[in-house]
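Examining the three-dimensional arrangement
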Amino acid sequence: MNFSLSDTQLLQWESIVEFSRRELNAQLHENDQQGNFPLENWKKCAEMGLFALLTPEQYGGLGEDLISTVHSIQALSYGCEDSGLVHAIITQLCCIVLVNLYGSAEQKRRFLGKLSCGALIAAQSITEPDAGSDVLAMRTKVDAAGPGYLLSGGKVFISNGPLADLVIVFAKCGAGKSAFGDITCFLVEKNTPGYSMGNPLQKMGLRTLQNCEMFFDEVCVPEQMMLGKNGHGMFIFNEAIEWERALMTASHLGTLERILEKSLDYAKTRKQFGKEIGKNQSIANKIGTMKVNLELGKLILYKMAWLKDQGKRATLEASLGKLFVSESLKSACLEAIQIHGGYGYMQECDLERDLRDSVAATIYSGTSEMQRNIIARMLGL
Amino acid sequence: MQDDTKLRDFIKTDLARGKVTGDLAFTDDLIESEILDSLGIMKLILFIENTYAVKISDDDLTLENFSSIMSINSLLERKGTRP
(Lines give C-alpha, C1' and ligand atoms only; values in the text may rest on other atoms or scores of the structure.)
Protein backbone atom coordinates (compact mmCIF):
# COMPACT_ATOMS: atom_id res chain seq x y z
CA MET A 1 0.00 0.00 0.00
CA ASN A 2 1.46 3.32 -1.09
CA PHE A 3 0.02 6.58 0.24
CA SER A 4 2.42 8.89 -1.61
CA LEU A 5 1.57 11.04 -4.60
CA SER A 6 3.97 11.48 -7.50
CA ASP A 7 5.92 14.67 -8.14
CA THR A 8 3.76 15.22 -11.21
CA GLN A 9 0.57 14.95 -9.18
CA LEU A 10 1.90 17.36 -6.56
CA LEU A 11 2.98 19.85 -9.22
CA GLN A 12 -0.43 19.60 -10.83
CA TRP A 13 -2.04 20.40 -7.48
CA GLU A 14 0.02 23.57 -7.14
CA SER A 15 -0.67 24.57 -10.71
CA ILE A 16 -4.44 24.10 -10.46
CA VAL A 17 -4.73 25.84 -7.09
CA GLU A 18 -2.77 28.82 -8.36
CA PHE A 19 -4.86 28.94 -11.55
CA SER A 20 -8.15 28.65 -9.68
CA ARG A 21 -7.36 31.39 -7.19
CA ARG A 22 -6.09 33.71 -9.91
CA GLU A 23 -8.78 33.15 -12.54
CA LEU A 24 -11.98 31.71 -11.12
CA ASN A 25 -13.04 33.69 -8.06
CA ALA A 26 -13.71 37.13 -9.56
CA GLN A 27 -17.34 38.33 -9.68
CA LEU A 28 -18.48 35.32 -7.72
CA HIS A 29 -20.78 37.39 -5.47
CA GLU A 30 -22.58 38.86 -8.47
CA ASN A 31 -22.78 35.58 -10.33
CA ASP A 32 -24.12 33.83 -7.23
CA GLN A 33 -26.75 36.46 -6.57
CA GLN A 34 -27.88 36.68 -10.18
CA GLY A 35 -27.56 32.99 -11.02
CA ASN A 36 -25.12 33.64 -13.87
CA PHE A 37 -23.05 30.89 -15.39
CA PRO A 38 -19.41 32.07 -15.65
CA LEU A 39 -18.87 31.14 -19.29
CA GLU A 40 -15.52 32.93 -19.49
CA ASN A 41 -14.26 30.92 -16.53
CA TRP A 42 -15.54 27.74 -18.16
CA LYS A 43 -13.42 28.58 -21.19
CA LYS A 44 -10.39 29.21 -18.99
CA CYS A 45 -10.89 25.79 -17.39
CA ALA A 46 -11.02 24.27 -20.87
CA GLU A 47 -7.74 25.97 -21.77
CA MET A 48 -6.29 24.66 -18.53
CA GLY A 49 -7.12 21.14 -19.74
CA LEU A 50 -9.53 20.31 -16.93
CA PHE A 51 -12.11 18.72 -19.24
CA ALA A 52 -9.45 16.57 -20.85
CA LEU A 53 -8.25 14.87 -17.67
CA LEU A 54 -9.98 11.53 -18.28
CA THR A 55 -10.07 11.55 -22.07
CA PRO A 56 -7.70 9.14 -23.84
CA GLU A 57 -4.79 10.79 -25.61
CA GLN A 58 -5.97 9.57 -29.01
CA TYR A 59 -8.96 11.89 -28.67
CA GLY A 60 -6.92 14.85 -27.55
CA GLY A 61 -7.09 14.17 -23.85
CA LEU A 62 -4.57 13.79 -21.06
CA GLY A 63 -5.43 10.14 -20.39
CA GLU A 64 -5.07 10.45 -16.63
CA ASP A 65 -6.23 7.82 -14.18
CA LEU A 66 -8.95 8.52 -11.65
CA ILE A 67 -6.57 8.93 -8.73
CA SER A 68 -4.79 11.77 -10.52
CA THR A 69 -8.11 13.20 -11.61
CA VAL A 70 -9.72 13.27 -8.16
CA HIS A 71 -6.52 14.90 -6.89
CA SER A 72 -6.88 17.57 -9.57
CA ILE A 73 -10.56 18.12 -8.77
CA GLN A 74 -9.69 18.46 -5.10
CA ALA A 75 -7.16 21.14 -6.05
CA LEU A 76 -9.73 22.89 -8.22
CA SER A 77 -12.33 22.97 -5.47
CA TYR A 78 -9.73 24.03 -2.91
CA GLY A 79 -8.74 27.03 -5.00
CA CYS A 80 -12.03 27.82 -6.74
CA GLU A 81 -14.80 29.06 -4.46
CA ASP A 82 -17.44 28.73 -7.17
CA SER A 83 -18.87 25.31 -6.34
CA GLY A 84 -21.45 25.69 -9.11
CA LEU A 85 -18.71 25.95 -11.71
CA VAL A 86 -16.89 22.95 -10.24
CA HIS A 87 -20.15 20.97 -10.35
CA ALA A 88 -20.61 21.91 -14.01
CA ILE A 89 -17.08 20.71 -14.78
CA ILE A 90 -17.69 17.39 -13.01
CA THR A 91 -20.91 16.91 -14.99
CA GLN A 92 -18.90 17.42 -18.17
CA LEU A 93 -16.26 14.92 -17.01
CA CYS A 94 -18.94 12.32 -16.20
CA CYS A 95 -20.42 12.65 -19.68
CA ILE A 96 -16.96 12.26 -21.19
CA VAL A 97 -16.43 9.10 -19.14
CA LEU A 98 -19.70 7.60 -20.38
CA VAL A 99 -18.99 8.37 -24.03
CA ASN A 100 -15.51 6.93 -23.63
CA LEU A 101 -16.68 3.77 -21.84
CA TYR A 102 -19.80 3.01 -23.85
CA GLY A 103 -19.64 5.06 -27.03
CA SER A 104 -19.15 3.59 -30.49
CA ALA A 105 -15.98 4.44 -32.39
CA GLU A 106 -17.98 6.99 -34.37
CA GLN A 107 -19.48 8.58 -31.25
CA LYS A 108 -16.03 8.87 -29.67
CA ARG A 109 -14.59 10.38 -32.82
CA ARG A 110 -17.43 12.89 -33.13
CA PHE A 111 -17.78 14.01 -29.53
CA LEU A 112 -14.82 13.24 -27.26
CA GLY A 113 -12.44 15.81 -28.69
CA LYS A 114 -15.03 18.60 -28.66
CA LEU A 115 -16.21 17.77 -25.16
CA SER A 116 -12.65 17.62 -23.87
CA CYS A 117 -11.73 21.06 -25.15
CA GLY A 118 -15.00 22.55 -23.92
CA ALA A 119 -16.31 23.32 -27.41
CA LEU A 120 -19.37 21.25 -26.54
CA ILE A 121 -21.12 21.30 -23.18
CA ALA A 122 -22.77 18.08 -22.02
CA ALA A 123 -25.45 17.02 -19.56
CA GLN A 124 -26.80 13.77 -18.19
CA SER A 125 -30.60 13.61 -18.29
CA ILE A 126 -31.75 11.06 -15.74
CA THR A 127 -33.90 12.52 -12.93
CA GLU A 128 -37.64 12.88 -13.39
CA PRO A 129 -40.38 14.39 -11.20
CA ASP A 130 -41.37 10.95 -9.93
CA ALA A 131 -38.06 9.17 -10.40
CA GLY A 132 -35.15 10.47 -8.33
CA SER A 133 -33.06 7.78 -6.70
CA ASP A 134 -35.71 5.29 -7.85
CA VAL A 135 -34.33 5.45 -11.37
CA LEU A 136 -36.31 2.47 -12.59
CA ALA A 137 -39.53 4.45 -11.99
CA MET A 138 -38.67 6.76 -14.88
CA ARG A 139 -41.42 7.35 -17.42
CA THR A 140 -39.48 8.83 -20.28
CA LYS A 141 -39.77 6.13 -22.89
CA VAL A 142 -38.25 5.18 -26.15
CA ASP A 143 -40.02 3.24 -28.89
CA ALA A 144 -38.56 1.70 -31.99
CA ALA A 145 -39.66 3.66 -35.05
CA GLY A 146 -38.36 2.68 -38.46
CA PRO A 147 -34.57 2.79 -38.55
CA GLY A 148 -34.39 4.71 -35.26
CA TYR A 149 -36.29 5.51 -32.09
CA LEU A 150 -38.83 7.97 -30.76
CA LEU A 151 -38.08 9.51 -27.38
CA SER A 152 -40.92 10.93 -25.26
CA GLY A 153 -41.09 12.25 -21.72
CA GLY A 154 -39.67 14.82 -19.35
CA LYS A 155 -36.73 15.29 -17.01
CA VAL A 156 -36.01 17.71 -14.19
CA PHE A 157 -33.09 19.32 -12.28
CA ILE A 158 -30.69 18.60 -15.16
CA SER A 159 -27.28 20.10 -14.43
CA ASN A 160 -25.73 21.98 -17.39
CA GLY A 161 -29.10 21.47 -19.13
CA PRO A 162 -29.70 25.06 -20.27
CA LEU A 163 -26.24 25.19 -21.84
CA ALA A 164 -25.96 21.66 -23.14
CA ASP A 165 -25.03 20.96 -26.75
CA LEU A 166 -25.17 17.22 -26.12
CA VAL A 167 -27.42 15.37 -23.67
CA ILE A 168 -27.14 11.77 -22.50
CA VAL A 169 -30.77 10.77 -22.04
CA PHE A 170 -31.86 7.68 -20.11
CA ALA A 171 -35.24 6.24 -21.19
CA LYS A 172 -37.36 3.15 -20.67
CA CYS A 173 -37.32 0.74 -23.60
CA GLY A 174 -39.78 -1.79 -22.15
CA ALA A 175 -42.07 -2.45 -19.22
CA GLY A 176 -39.13 -2.02 -16.88
CA LYS A 177 -40.06 -4.96 -14.72
CA SER A 178 -36.88 -6.93 -15.15
CA ALA A 179 -33.84 -6.64 -12.93
CA PHE A 180 -32.10 -4.92 -15.82
CA GLY A 181 -34.67 -2.13 -15.75
CA ASP A 182 -35.23 -1.95 -19.51
CA ILE A 183 -33.43 1.36 -19.76
CA THR A 184 -31.46 2.55 -22.77
CA CYS A 185 -29.25 5.61 -23.23
CA PHE A 186 -29.20 7.97 -26.17
CA LEU A 187 -27.14 10.95 -27.20
CA VAL A 188 -29.39 13.86 -28.16
CA GLU A 189 -27.99 16.99 -29.73
CA LYS A 190 -29.25 20.51 -29.16
CA ASN A 191 -31.76 21.69 -31.75
CA THR A 192 -33.05 18.18 -32.41
CA PRO A 193 -36.76 18.64 -33.33
CA GLY A 194 -39.07 17.87 -30.41
CA TYR A 195 -36.39 18.48 -27.76
CA SER A 196 -36.88 21.57 -25.60
CA MET A 197 -36.07 22.81 -22.13
CA GLY A 198 -37.49 25.03 -19.43
CA ASN A 199 -35.96 28.14 -17.95
CA PRO A 200 -33.02 27.79 -15.55
CA LEU A 201 -34.28 26.78 -12.10
CA GLN A 202 -33.79 29.08 -9.10
CA LYS A 203 -31.94 27.29 -6.31
CA MET A 204 -30.91 27.81 -2.70
CA GLY A 205 -27.23 27.25 -3.54
CA LEU A 206 -24.99 26.26 -6.44
CA ARG A 207 -26.56 29.21 -8.21
CA THR A 208 -23.94 29.52 -10.93
CA LEU A 209 -24.67 25.94 -11.97
CA GLN A 210 -27.47 25.92 -14.52
CA ASN A 211 -30.31 23.41 -14.05
CA CYS A 212 -33.53 23.01 -15.97
CA GLU A 213 -36.38 20.76 -16.99
CA MET A 214 -36.12 18.94 -20.31
CA PHE A 215 -38.95 17.87 -22.59
CA PHE A 216 -38.87 15.21 -25.28
CA ASP A 217 -41.85 15.25 -27.61
CA GLU A 218 -41.43 12.29 -29.95
CA VAL A 219 -37.81 13.16 -30.55
CA CYS A 220 -36.49 11.10 -33.43
CA VAL A 221 -33.13 9.54 -32.52
CA PRO A 222 -31.16 7.46 -35.04
CA GLU A 223 -29.85 4.10 -33.91
CA GLN A 224 -26.25 5.28 -34.19
CA MET A 225 -26.93 7.72 -31.33
CA MET A 226 -27.70 4.92 -28.89
CA LEU A 227 -25.05 4.90 -26.15
CA GLY A 228 -24.11 1.38 -25.16
CA LYS A 229 -26.36 -1.57 -25.73
CA ASN A 230 -30.13 -1.57 -25.91
CA GLY A 231 -31.47 -2.23 -22.41
CA HIS A 232 -28.13 -1.71 -20.66
CA GLY A 233 -28.97 1.74 -19.30
CA MET A 234 -29.14 0.59 -15.71
CA PHE A 235 -25.56 -0.68 -15.85
CA ILE A 236 -24.45 2.52 -17.50
CA PHE A 237 -26.24 4.44 -14.76
CA ASN A 238 -24.53 2.41 -12.05
CA GLU A 239 -21.14 3.01 -13.62
CA ALA A 240 -21.89 6.71 -14.07
CA ILE A 241 -22.94 7.14 -10.48
CA GLU A 242 -19.70 5.61 -9.17
CA TRP A 243 -17.57 8.01 -11.22
CA GLU A 244 -19.82 10.91 -10.31
CA ARG A 245 -19.68 10.16 -6.60
CA ALA A 246 -15.90 9.88 -6.72
CA LEU A 247 -15.53 13.21 -8.51
CA MET A 248 -18.12 14.96 -6.34
CA THR A 249 -16.46 13.63 -3.20
CA ALA A 250 -13.16 15.03 -4.45
CA SER A 251 -14.70 18.45 -4.91
CA HIS A 252 -16.32 18.33 -1.46
CA LEU A 253 -12.94 17.47 0.08
CA GLY A 254 -11.27 20.38 -1.69
CA THR A 255 -13.89 22.74 -0.29
CA LEU A 256 -13.63 21.16 3.16
CA GLU A 257 -9.86 21.71 3.17
CA ARG A 258 -10.33 25.36 2.22
CA ILE A 259 -12.90 25.88 4.98
CA LEU A 260 -10.68 24.13 7.51
CA GLU A 261 -7.76 26.42 6.69
CA LYS A 262 -9.95 29.50 6.75
CA SER A 263 -11.31 28.53 10.17
CA LEU A 264 -7.84 27.69 11.44
CA ASP A 265 -6.44 31.04 10.32
CA TYR A 266 -9.31 32.88 11.97
CA ALA A 267 -9.01 30.89 15.19
CA LYS A 268 -5.30 31.80 15.37
CA THR A 269 -5.74 35.51 14.71
CA ARG A 270 -9.08 36.46 16.27
CA LYS A 271 -8.61 37.42 19.90
CA GLN A 272 -11.24 37.71 22.60
CA PHE A 273 -10.67 38.12 26.33
CA GLY A 274 -6.97 38.56 25.62
CA LYS A 275 -6.31 35.30 23.83
CA GLU A 276 -6.76 33.62 20.44
CA ILE A 277 -10.20 32.08 20.19
CA GLY A 278 -8.54 28.83 19.03
CA LYS A 279 -7.18 28.45 22.56
CA ASN A 280 -10.75 27.71 23.66
CA GLN A 281 -11.43 23.99 23.49
CA SER A 282 -14.92 24.53 22.11
CA ILE A 283 -13.38 26.21 19.04
CA ALA A 284 -10.37 23.90 18.78
CA ASN A 285 -12.61 20.84 18.88
CA LYS A 286 -14.61 22.03 15.89
CA ILE A 287 -11.43 22.45 13.86
CA GLY A 288 -10.08 19.12 15.07
CA THR A 289 -13.22 17.41 13.81
CA MET A 290 -12.83 19.08 10.41
CA LYS A 291 -9.28 17.72 10.17
CA VAL A 292 -10.39 14.21 11.16
CA ASN A 293 -13.11 14.24 8.52
CA LEU A 294 -10.78 15.62 5.86
CA GLU A 295 -8.17 12.91 6.38
CA LEU A 296 -10.69 10.06 6.63
CA GLY A 297 -12.49 11.39 3.58
CA LYS A 298 -9.27 11.29 1.58
CA LEU A 299 -8.76 7.63 2.45
CA ILE A 300 -12.16 6.50 1.21
CA LEU A 301 -11.92 8.76 -1.86
CA TYR A 302 -8.56 7.35 -2.89
CA LYS A 303 -9.71 3.81 -2.29
CA MET A 304 -12.71 4.49 -4.50
CA ALA A 305 -10.51 5.96 -7.24
CA TRP A 306 -8.01 3.11 -6.96
CA LEU A 307 -10.78 0.53 -7.39
CA LYS A 308 -12.05 2.27 -10.52
CA ASP A 309 -8.52 2.49 -11.91
CA GLN A 310 -8.24 -1.28 -11.43
CA GLY A 311 -11.41 -1.73 -13.49
CA LYS A 312 -13.31 -2.82 -10.40
CA ARG A 313 -16.69 -1.83 -9.06
CA ALA A 314 -16.92 0.58 -6.17
CA THR A 315 -20.63 0.67 -5.37
CA LEU A 316 -20.19 0.47 -1.60
CA GLU A 317 -17.14 2.72 -1.43
CA ALA A 318 -18.84 5.37 -3.60
CA SER A 319 -21.78 5.51 -1.21
CA LEU A 320 -19.56 5.50 1.88
CA GLY A 321 -17.44 8.33 0.52
CA LYS A 322 -20.28 10.42 -0.83
CA LEU A 323 -22.25 10.15 2.41
CA PHE A 324 -19.36 10.78 4.78
CA VAL A 325 -17.71 13.63 2.94
CA SER A 326 -20.85 15.53 1.92
CA GLU A 327 -22.17 15.41 5.48
CA SER A 328 -18.74 16.39 6.80
CA LEU A 329 -18.68 19.35 4.45
CA LYS A 330 -22.13 20.57 5.50
CA SER A 331 -21.19 20.20 9.15
CA ALA A 332 -17.88 22.03 8.58
CA CYS A 333 -19.65 24.94 6.90
CA LEU A 334 -22.00 25.35 9.86
CA GLU A 335 -19.14 25.11 12.34
CA ALA A 336 -17.01 27.54 10.34
CA ILE A 337 -19.80 30.12 10.51
CA GLN A 338 -20.03 29.55 14.25
CA ILE A 339 -16.25 29.99 14.62
CA HIS A 340 -16.37 33.24 12.64
CA GLY A 341 -19.31 34.52 14.70
CA GLY A 342 -21.15 37.53 13.30
CA TYR A 343 -18.60 37.92 10.52
CA GLY A 344 -19.29 34.38 9.38
CA TYR A 345 -22.96 35.23 8.97
CA MET A 346 -22.20 38.07 6.57
CA GLN A 347 -22.30 37.43 2.84
CA GLU A 348 -18.89 39.01 2.32
CA CYS A 349 -17.31 36.25 4.40
CA ASP A 350 -18.39 33.70 1.74
CA LEU A 351 -19.15 30.99 4.29
CA GLU A 352 -22.91 31.45 3.95
CA ARG A 353 -22.57 30.64 0.23
CA ASP A 354 -20.42 27.61 1.01
CA LEU A 355 -23.12 26.45 3.44
CA ARG A 356 -25.91 26.88 0.87
CA ASP A 357 -23.81 25.01 -1.69
CA SER A 358 -22.99 22.24 0.79
CA VAL A 359 -26.65 21.46 1.47
CA ALA A 360 -26.98 20.40 -2.16
CA ALA A 361 -24.04 18.04 -1.72
CA THR A 362 -26.10 15.91 0.65
CA ILE A 363 -28.95 15.75 -1.87
CA TYR A 364 -27.67 15.35 -5.45
CA SER A 365 -26.19 12.09 -6.72
CA GLY A 366 -28.33 10.30 -4.13
CA THR A 367 -29.40 11.83 -0.82
CA SER A 368 -27.63 10.89 2.39
CA GLU A 369 -30.68 8.83 3.30
CA MET A 370 -30.37 6.88 0.04
CA GLN A 371 -26.65 6.34 0.61
CA ARG A 372 -27.43 4.77 3.97
CA ASN A 373 -30.01 2.52 2.31
CA ILE A 374 -27.49 1.40 -0.31
CA ILE A 375 -24.84 0.76 2.34
CA ALA A 376 -27.32 -1.32 4.34
CA ARG A 377 -28.30 -3.32 1.25
CA MET A 378 -24.66 -3.92 0.40
CA LEU A 379 -24.19 -5.29 3.91
CA GLY A 380 -26.99 -7.78 3.32
CA LEU A 381 -29.79 -6.01 5.21
CA MET B 1 -22.94 -29.62 -13.89
CA GLN B 2 -22.27 -29.08 -10.22
CA ASP B 3 -24.40 -26.84 -8.06
CA ASP B 4 -22.36 -24.12 -6.42
CA THR B 5 -22.89 -23.89 -2.68
CA LYS B 6 -21.26 -20.48 -2.27
CA LEU B 7 -23.30 -18.96 -5.07
CA ARG B 8 -26.53 -20.55 -3.92
CA ASP B 9 -25.91 -19.51 -0.30
CA PHE B 10 -25.22 -15.94 -1.30
CA ILE B 11 -28.38 -15.69 -3.38
CA LYS B 12 -30.47 -17.39 -0.74
CA THR B 13 -29.20 -15.51 2.31
CA ASP B 14 -28.41 -12.14 0.82
CA LEU B 15 -30.66 -11.57 -2.18
CA ALA B 16 -33.66 -13.83 -1.64
CA ARG B 17 -34.08 -13.33 2.08
CA GLY B 18 -37.71 -12.52 2.78
CA LYS B 19 -38.65 -13.09 -0.86
CA VAL B 20 -38.79 -16.88 -1.05
CA THR B 21 -39.89 -19.49 1.40
CA GLY B 22 -38.34 -22.92 1.37
CA ASP B 23 -35.41 -24.00 -0.71
CA LEU B 24 -34.03 -22.28 -3.79
CA ALA B 25 -33.92 -24.64 -6.75
CA PHE B 26 -31.11 -24.78 -9.27
CA THR B 27 -33.47 -23.72 -12.02
CA ASP B 28 -35.70 -21.24 -10.16
CA ASP B 29 -36.15 -18.04 -12.16
CA LEU B 30 -34.40 -15.30 -10.18
CA ILE B 31 -35.89 -12.50 -12.22
CA GLU B 32 -39.51 -13.65 -12.47
CA SER B 33 -39.52 -14.32 -8.74
CA GLU B 34 -38.14 -10.78 -8.19
CA ILE B 35 -35.19 -12.09 -6.22
CA LEU B 36 -32.98 -9.90 -8.38
CA ASP B 37 -33.81 -6.22 -8.39
CA SER B 38 -31.65 -3.40 -9.71
CA LEU B 39 -29.31 -3.25 -6.71
CA GLY B 40 -29.48 -7.01 -6.27
CA ILE B 41 -28.06 -7.64 -9.72
CA MET B 42 -25.16 -5.30 -8.95
CA LYS B 43 -24.51 -7.10 -5.68
CA LEU B 44 -24.59 -10.42 -7.50
CA ILE B 45 -22.11 -9.23 -10.13
CA LEU B 46 -19.82 -7.89 -7.39
CA PHE B 47 -20.05 -11.20 -5.55
CA ILE B 48 -19.25 -13.21 -8.67
CA GLU B 49 -16.30 -11.01 -9.65
CA ASN B 50 -14.81 -11.07 -6.17
CA THR B 51 -15.47 -14.73 -5.43
CA TYR B 52 -14.46 -16.26 -8.77
CA ALA B 53 -11.91 -13.67 -9.94
CA VAL B 54 -13.67 -13.12 -13.25
CA LYS B 55 -14.78 -9.94 -14.98
CA ILE B 56 -18.41 -9.68 -16.01
CA SER B 57 -18.33 -7.75 -19.25
CA ASP B 58 -21.02 -5.83 -21.09
CA ASP B 59 -21.50 -8.81 -23.37
CA ASP B 60 -22.25 -11.02 -20.37
CA LEU B 61 -25.06 -8.77 -19.16
CA THR B 62 -28.04 -10.61 -20.56
CA LEU B 63 -31.16 -11.73 -18.76
CA GLU B 64 -30.44 -15.29 -19.86
CA ASN B 65 -27.08 -15.35 -18.08
CA PHE B 66 -28.60 -14.33 -14.75
CA SER B 67 -32.02 -15.95 -14.85
CA SER B 68 -31.15 -18.88 -12.53
CA ILE B 69 -28.33 -20.42 -10.55
CA MET B 70 -27.91 -22.87 -13.39
CA SER B 71 -27.50 -20.13 -15.98
CA ILE B 72 -24.99 -18.28 -13.79
CA ASN B 73 -23.03 -21.49 -13.40
CA SER B 74 -23.04 -21.90 -17.15
CA LEU B 75 -21.73 -18.39 -17.57
CA LEU B 76 -18.93 -19.06 -15.11
CA GLU B 77 -18.01 -22.28 -16.88
CA ARG B 78 -17.86 -20.47 -20.21
CA LYS B 79 -15.52 -17.96 -18.58
CA GLY B 80 -13.25 -20.80 -17.55
CA THR B 81 -14.15 -20.84 -13.89
CA ARG B 82 -15.41 -24.02 -12.33
CA PRO B 83 -18.05 -22.97 -9.83
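Residues numbered from 1 in each chain as written. Chains lettered and ligands numbered in written order. Predicted model: local features only at pLDDT ≥ 70, side-chain atom pairs only at ≥ 80, totals over all residues.

Side note on the overall build of chain A
The secondary structure content of chain A amounts to 11 helices and 10 strands. Considering only C-alpha atoms, chain A reaches an extent of 80 × 45 × 40 Å along its principal axes. In chain A, buried positions account for 52% of the 381 residues. Within chain A, residue pairs in contact and separated by at least 24 positions form 73% of the contacts whose partners lie at least 6 positions apart. (Helix = DSSP H or I, 4+ residues; strand = E, 2+ residues; numbered from the N terminus. Buried ≥ 20, exposed ≤ 12 C-beta atoms within 10 Å, placed from the backbone. Contact = placed C-beta atoms within 7 Å.)

Description of the pairing of strand 2 (residues 141–145) of chain A
Residues and elements named next belong to chain A. Pairing analysis gives five bridges linking strand 2 to strand 3 (residues 148–159), with the strands arranged antiparallel. The residue bridging Ala145 from the neighbouring strand is Gly148, located in strand 3. With antiparallel pairing between neighbouring strands as the criterion, strand 2 and strand 3 make up a hairpin whose turn holds two residues, including Gly146 at a positive phi of roughly 60°. (Pairing = 2+ DSSP bridges.)

Points about the domain arrangement of chain A
All names here are of chain A. Segmentation of chain A into domains returns domain 1 (7–121), domain 2 (123–231) and domain 3 (234–378). Here domain 1 and domain 2 have C-alpha centroids that lie 23 Å from each other. With 25 residues of domain 1 at the interface, the matching set in domain 2 holds 20 residues. At the level of secondary structure, the elements contributing two or more residues to the side of domain 1 that touches domain 2 comprise helix 2 (28–34), helix 5 (83–102) and helix 6 (105–116). The greatest single-element share of the side of domain 1 that touches domain 2, amounting to 11 residues, is contributed by helix 5. Tallied by class, the residues present in the side of domain 1 that touches domain 2 amount to 11 nonpolar, 11 polar and three charged. (Domains from an automatic or database assignment. Nonpolar A, V, L, I, M, F, W, Y, C, P; charged D, E, K, R; others polar.)

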